[in-house]
Amino acid sequence: MIEMTKIAASEVPVALRSSYPSHSTSSGTINVPPPTPNRPLNRPAAVPVTASSSVRLPSTNGHTRAVMSALPTEALAPLRANPGRAAVLLDIDGTLAPIVEHAAEARVPDGTRNLLIEVARRYAVVACVSGRRASEARAMVGTGTISYLGFHGAELLRAGWTEAVLDPEVEEWAQRIREFGREADTADLRRCRVRLEDKGAIVAFHWRGAPDEDAARAAIDVLAQRAQATGLRTHWGRKVLEVRPPVRIDKGAGIASFLAGADLDAVLYAGDDFTDLDAFRALGELQAERAIVHVVRVGVSSEEGPPAIVDQADIVVDGTEGVLQMLSALVAG
Ligand SMILES: [Mg+2]
């Protein structure tokens, strides 16, 4: 089902993964796709928008109900009560950084970064979780005092580390995928004007704009069969075939791995998009397993974001401004 949505399940492969090594000696250097999705620039609001939020409180039947116009302070209480045993995890694009037309130009505003540094001083664990590479995420946010989970969580750059570490299982497959790309890059394929894109753990074959698209597609069909025969996963996009590792890579798996072994009472995760729903789900699972007592899923609402990010959230905040307000509330008092 999800592959039919406009955001590219292409960014969200699924399966098993292993945990990270506990040291930072190896460095997984990979190229990763841009964060999901490349959305067009938000139209400016016709009138100034005041950041607002709503809170869902548990109801008697175990479900949640929305309480509109309440400040998130009450929902943040489990974190504020004992910051030394709480984690704050944040998506970047559309959550900390306003969405811009060219993803490469997205930046976290100075005010947000300063607030984030304050949050990092107070809370036990603070991390950003992105579809971008971890090093790119850190450059965007602009502080080395927090951790970064890149490539939807498959890559980890802890606070103070100089280089990111790729999940060892993904790294193993990434090498096989690079090999597959090298072998596929034949004169025949070039004649068809198929364009190869090395995304590190993923290799993509684009045939948009090929002089004979049918011939190019036929050549790519052969590649897809070969990829499947060797145990790799194939994903078809719009005039593109992606060959991917048959392992699970998503923000949920990433944060579960990141938090494994951490002794925490409360975890907050904030995000605005489909890929953040995996993180919401993972927090729910950790709570069900009683690994964490309090989870706070913060949905960042926007015009283009999926309704599910609001539906499945415990708190809803209005865009990056709302996130800023929430970060202030985390360090207030
Ligand atoms: Mg986002």
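Everything numeric in this text was worked out from a predicted model, so none of it was measured.

Peer 1: Would you mind going over the overall build of the protein with me for this structure?
Peer 2: Within the protein, the secondary structure is distributed over 10 helices and 14 strands. When burial is assessed residue by residue, the protein has 46% of its 333 residues classed as buried.

Peer 1: Help me out: how do you make sense of the environment of Gly 252 in this one?
Peer 2: On the secondary structure map, Gly 252 appears in helix 7 (residues 251-259). Not counting residues within four places of it along the chain, the set of residues in contact with Gly 252 comprises Asp 278, Ala 279, Arg 281 and Ala 282.

Peer 1: Hey, could you run me through the environment of Leu 76 in this one?
Peer 2: Mapped onto the elements, Leu 76 comes out in helix 1 (residues 73-81). By the C-beta count within 10 Å, which is 23 here, Leu 76 ends up buried. Considering only alpha carbons, one finds Leu 76 and Ala 329, 253 residues apart in sequence, at a separation of 7.9 Å. Beyond its immediate stretch of four places on either side in the chain, Leu 76 contacts Val 296, Ala 329 and Leu 330.

Peer 1: Just checking my understanding: could you explain the sheet that holds strand 9 (residues 203-206) for this structure?
Peer 2: Paired through backbone hydrogen bonds, the strands of a sheet run either parallel or antiparallel to each other. Pairing within the open sheet is antiparallel, and its 4 strands lie in the order 8-9-11-10. This sheet does not close on itself; its edge strands, each paired only once, are strand 8 (195-198) and strand 10 (233-237). Sheet twist, expressed as the mean angle between neighbouring strand axes with direction ignored, is 20 degrees. Packing against the sheet, helix 6 (residues 213-229) makes contact with strand 9, strand 10 and strand 11 (240-244), and its axis sits at approximately 15 degrees to strand 11.

Peer 1: Would you take a moment to explain the nonpolar core for this structure?
Peer 2: Soluble globular proteins: nonpolar side chains tend toward being buried together. In terms of nonpolar packing, the biggest core is built from 89 residues, with Val 88, Leu 89, Ile 255, Val 267, Leu 268, Tyr 269 and Val 298 touching the most fellow members. Lining this core are residues from two domains, each supplying at least three of them: domain 1 (77-167 + 249-331) and domain 2 (169-244).

Peer 1: What's the story with the confidence of the model for the protein in this structure? I'm lost.
Peer 2: Should the pLDDT be low somewhere, the predicted coordinates at that spot are not to be read in detail. Taken over all residues, the pLDDT of the protein has a mean of 82, while the share at 70 or more is 78%. Counted against residues more than four places away or in other chains, residues 1-52, with its pLDDT under 50, gives 112 contacts. Across residues 57-69 the pLDDT falls below 50, and counting only partners more than four positions away or on other chains, this stretch makes 17 contacts in the model.

Peer 1: When you look at the packing of helix 7 against helix 8 (residues 274-288) in this model, what are you seeing that I'm missing?
Peer 2: Relative orientation of the contacting elements helix 7 and helix 8 amounts to 45 degrees, with a least axis distance of 7 Å. Between helix 7 and helix 8, the interaxial angle falls into the category oblique. Crossing geometry of helix 7 relative to helix 8 is assigned as right-handed. Mapping the contact onto sequence places Lys 251, Gly 252, Ile 255, Ala 256 and Leu 259 in helix 7 and Thr 275, Asp 276, Asp 278, Ala 279, Arg 281, Ala 282 and Leu 286 in helix 8. Split into classes, the residues belonging to the contact of helix 7 with helix 8 amount to 6 nonpolar, 2 polar and 4 charged.

Peer 1: Got a minute to help me understand helix 1 in this structure?
Peer 2: Each full turn of the α-helix corresponds to 3.6 residues, which orients residues three or four apart in the same direction. Taken as a whole, helix 1 has its buried residues at Ala 75, Leu 76 and Leu 79. Seen end-on, helix 1 carries its buried residues on one side only, within an arc spanning 85 degrees. Of the exposed residues in helix 1, the ones pointing more than 90 degrees away from its buried face are Ala 77 and Ala 81.

Peer 1: I keep staring at the pairing of strand 12 (residues 266-271) and nothing clicks. Help me out?
Peer 2: Within a regular strand, the side chains alternate between the two sheet faces. Most of strand 12 sits out of view: 6 of its 6 residues are buried. Of the two faces of strand 12, the one holding Ala 266, Leu 268 and Ala 270 and the one holding Val 267, Tyr 269 and Gly 271 are both buried throughout. Strand direction decides the pairing type here: strand 3 (residues 86-91) and strand 12, joined by 5 bridges, are parallel. Each residue of the ladder has a partner; that of Leu 90, found in strand 12, is Ala 270. Examined bridge by bridge, strand 12 and strand 13 (residues 294-301) share 6 bridges and lie parallel to one another. Across the sheet, Ala 266 pairs through a bridge with His 294, a residue of strand 13. Handedness of the β-α-β unit built from strand 12, helix 8 and strand 13 comes out right-handed.

Peer 1: What exactly am I supposed to notice about helix 3 (residues 134-141) here?
Peer 2: Summarising burial for helix 3: 6 of the 8 residues are buried, a large majority. Of the residues making up helix 3, those classed as buried are Ala 134, Glu 136, Ala 137, Arg 138, Met 140 and Val 141. In this structure, the buried side of helix 3 is in contact with helix 2 (110-122), strand 4 (125-129), strand 5 (147-150) and strand 6 (155-157). Remark: Gly 142 follows helix 3 within two positions and exhibits a positive phi of approximately 85 degrees.

Each value, and the rule that gives it
- Residues numbered from 1 in each chain as written.
- Predicted model: local features only at pLDDT ≥ 70, side-chain atom pairs only at ≥ 80, totals over all residues.
- Helix = DSSP H or I, 4+ residues; strand = E, 2+ residues; numbered from the N terminus.
- Buried ≥ 20, exposed ≤ 12 C-beta atoms within 10 Å, placed from the backbone.
- Contact = placed C-beta atoms within 7 Å.
- Pairing = 2+ DSSP bridges.
- Axes fitted to C-alpha atoms, helices over the stretch in contact; angles between N-to-C directions.
- Core = buried A, V, L, I, M, F, W, Y, C linked by C-beta atoms within 7 Å.
- Domains from an automatic or database assignment.
- pLDDT = per-residue confidence, 0-100.
- Parallel < 35°, antiparallel > 145°, perpendicular 65-115°, else oblique.
- Left-handed = near helix turned anticlockwise from the far one by under 90°.
- Nonpolar A, V, L, I, M, F, W, Y, C, P; charged D, E, K, R; others polar.
- Arc of directions from axis to C-beta.
- Right-handed = clockwise from strand over helix to strand, strands pointing away.

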